[in-house]
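In case you want the letters, here they are:
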Amino acid sequence: MSEQLYCPNPRCRNHNHLLEDDSWMRKKGFVMTKRDGKVQRYQCKECLVTFSLSYFSIDYYAHKNLSYPKLLNHLVSGSGIRDMARAMKYSPCLISNRIRRLSERVTAFCAKEIHDLELRESVAADGLENFILSQYFPTNVNVLVGQRSQFIYTFNALHFKRKGICTDEQKKKKAELYESARFEKGAASRRFREILDFLSEKAESSSLKSFILDTDEHPVYRYQFDHHESLSCKISHRTTNSQVERNYQNKLFSCNYIDRQIRKDLAEYVRETVQFGRNMNNSMDRFNCYCFWHNYLKPYRINRKKRKYEYHSLAAGFALDQIKDTVQDVFYGIRKKDEDFIEYLTDYQKAHWNRDLVNPLNRKAV
């Protein structure tokens, strides 16, 4: 037995204690399941709660097995939910459920690692515009990216009212939709302030003497940086006009690179797509899974002869063995307890974990 096993009962003393062997539990018969056939059950000697080893797996309480590496490869290759369902011969609801499970595992196993990672580079922050439900509800996904590594340190998102010129018919439809729509007041400022909170904490614990935060000239970015209460004095703010050519010399190259990659890899972010998100929580599940793939599995550069690092996470400062262990744990590792990682989450990540992200029309996922 693995020493990571623990009693599933949160009120049992074997739930939180470090259990170095399996002497705290005993075998307790078998149960027949459609998914795995005959399954061994165990019982905690302290509280007498029974369980099987499937409790600790990503497929707990699932009726069908599915290959999560294969699912992730489909997700980051421009496949929509129904595309994946057809290819893997499952229902769209099951595919969405498994993406949610994978996203939760990514959050649980990566939160502490990213929190403990020493920041060794300057960073860039920018927003990726898309829409949720319809183009009357644009979204902005803010990402914080390493300048050298292109590692995605954190992200959050918001939705807002449609901008630009509208016809009379569009104005009428907007008025009808916005009567019952939900918008978070001051969301743009709050979301970027959360990015600055994260960056300030990382900068304080870093051995580097100074950092540069690159953004475009959006007034919210400048205002929040100038008025942030606890921003580290190590950080200086540099702005770049968004109309500047988006090449390798651009100071926002790392954000522009992430923008380009996501727009070709995730179906709902493709330009003029007919596949779009219908629920903010589910949409962020897919984005979270993409960030995991980009950071831990995607090659740092295509040309093997010229690339200095194997993965983006390696360029950010992770050890190669640590990266491989993280990938293995996400797909096959033992479930973590909430208390082991919840303190390392940002406020936005906690809202996402609790499925509390605001949807424009408060509709459930389709």
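Computed from a predicted model, the values in this text were never measured in an experiment.

Chemist: Any chance you could explain the overall build of the protein here in plain terms?
Modeler: When its secondary structure is counted, the protein shows 11 helices and 8 strands. Counting only C-alpha atoms, the protein reaches 65 × 55 × 45 Å along its principal axes. A burial count over the protein gives 51% of its 366 residues as buried. Pairs at least 24 apart in sequence give 64% of the contacts found in the protein among residues at least 6 apart. Here the protein has roughly 19,500 Å² of accessible surface; of this, 48% comes from carbon and sulfur atoms. Of note, the protein has its 62 positive side-chain charges centred 6 Å away from the centre of its 45 negative side-chain charges.

Chemist: Explanation requested: the environment of N140 in the structure shown.
Modeler: In this structure, N140 sits in strand β5 (residues 134-146). Judged by relative accessible area, which is 13%, N140 ranks as buried. For N140 and L128, which are 12 residues apart along the polypeptide, the C-alpha to C-alpha distance reads 5.4 Å. Residues in contact with N140, not counting those within four places in the same chain, are G127, L128, E129, N156, A157, L158 and F160.

Chemist: Looking at this model, I keep getting lost on unusual backbone geometry. Mind explaining?
Modeler: If you check the backbone angles, L48 has positive phi at about 70° while not being a glycine. On the secondary structure map, L48 appears in the loop between β2 (37-44) and β3 (50-52). Positive phi values are uncommon outside glycine, yet Y61 reaches one of about 65°. Mapped onto the elements, Y61 comes out in the loop between β3 and α1 (68-75).

Chemist: What is the right way to read the nonpolar core from this model?
Modeler: Nonpolar side chains in soluble globular proteins generally cluster together in the buried interior. Within the largest apolar cluster, 86 residues are counted, with the highest numbers of intra-cluster contacts made by L213, M284 and F287. At 10 residues, helix α3 (residues 92-116) tops the list of elements feeding residues into this core. If near-sequence neighbours (up to four positions away) are discounted, M284 is found in contact with V141, F155, A157, Y269, Y348, H352 and L357.

Chemist: Honestly, the packing of aromatic side chains in this entry has me stumped. Any pointers?
Modeler: Aromatic ring pairs are described here by two measures, namely the spacing of the ring centres and the angle between the planes. Considering all chains together, one arrives at 26 aromatic pairs under this definition. Through a chain of ring-to-ring contacts, the aromatic side chains of Y6, W24, Y42, F51, Y55, F56, Y60 and Y61 assemble into a single cluster. Against the face of F30 rests K38, its NZ or CZ located 4.4 Å from the ring centre. A cation over a ring is seen here: R301 above Y300, with NZ or CZ 4.4 Å from the ring centre.

Chemist: Is there a simple way to explain a negative patch on the surface in this structure?
Modeler: Side chains of D197, E201, E229 and D347 sit close together on the surface and give a patch of like negative charge. Within the element layout of this structure, E201 appears in helix α5 (residues 187-204). Judged by relative accessible area, which is 47%, E201 ranks as partly exposed.

Chemist: Looking at this structure, I do not really get the sheet that holds strand β4 (residues 123-132). What am I missing?
Modeler: Adjacent strands of a sheet form backbone hydrogen bonds with each other and so pair up, either parallel or antiparallel. An order of β6-β5-β4-β7-β8 is seen for the 5 strands of this open sheet, with the pairing classed as mixed. Either end of the sheet is taken by a strand with one partner, and the two such strands are β6 (152-159) and β8 (235-239). Each adjacent strand pair in this sheet contributes to an overall mean axis angle of 25°, direction not counted. The sheet contact formed by β4 and strand β7 (residues 211-215) spans 2 bridges and is parallel.

Chemist: What am I meant to see in empty space enclosed by the protein here?
Modeler: Over the atoms rolls a probe the size of a water molecule, and in doing so it shows where empty space is left. As enumerated under the stated definition, the model contains 5 cavities of 30 Å³ or more in all. Taken as a whole, the largest cavity spans an internal volume of roughly 70 Å³. T107, T154, F155, N288, Y348, Q349 and H352 are the residues that line the largest cavity. For the lining of the largest cavity, the elements supplying multiple residues, two or more each, are β6 and α11 (347-353). Here the lining of the largest cavity takes 3 residues from α11, the largest share from any one element. Here the residues of the lining of the largest cavity sort into 2 nonpolar, 5 polar and no charged. The volume enclosed by the second largest cavity comes to roughly 60 Å³. Lining the second largest cavity we find D126, D216, N241, S242, V244, R246, N250, L252 and N256. When its residues are assigned to classes, the lining of the second largest cavity shows 2 nonpolar, 4 polar and 3 charged.

What counts and how
- Residues numbered from 1 in each chain as written.
- Predicted model: local features only at pLDDT ≥ 70, side-chain atom pairs only at ≥ 80, totals over all residues.
- Heavy atoms only, no water.
- Helix = DSSP H or I, 4+ residues; strand = E, 2+ residues; numbered from the N terminus.
- Buried < 20%, exposed > 50% of the residue type's maximum accessible area, 1.4 Å probe, protein only.
- Contact = heavy atoms within 4.5 Å.
- Areas by Shrake-Rupley, 256 points an atom, 1.4 Å probe, with all protein chains shown as cover.
- Lys, Arg positive; Asp, Glu negative; His and termini not counted.
- Charge placed at Lys NZ, Arg CZ, Asp CG, Glu CD.
- Core = buried A, V, L, I, M, F, W, Y, C linked by side-chain atoms within 4.5 Å.
- Phe/Tyr/Trp six-rings, centres within 6.5 Å; stacked < 30°, edge-to-face > 60°.
- Lys NZ or Arg CZ within 6 Å of the ring centre and 35° of its normal.
- Patch = residues over 30% accessible without salt bridge, like charges linked within 9 Å, V, L, I, M, F, W, Y side chains within 5 Å.
- Salt bridge = Lys/Arg side-chain N within 4 Å of Asp/Glu carboxyl O.
- Pairing = 2+ DSSP bridges.
- Axes fitted to C-alpha atoms, helices over the stretch in contact; angles between N-to-C directions.
- 1 Å grid on protein atoms, 1.4 Å probe; cavity = no way out; pocket = protein on both sides within 12 Å on 5 of 7 lines; lining within 4 Å.
- Points joined across faces, edges and corners; volume = space filled by probe spheres on them.
- Nonpolar A, V, L, I, M, F, W, Y, C, P; charged D, E, K, R; others polar.

In short, geometric facts, not functional conclusions.
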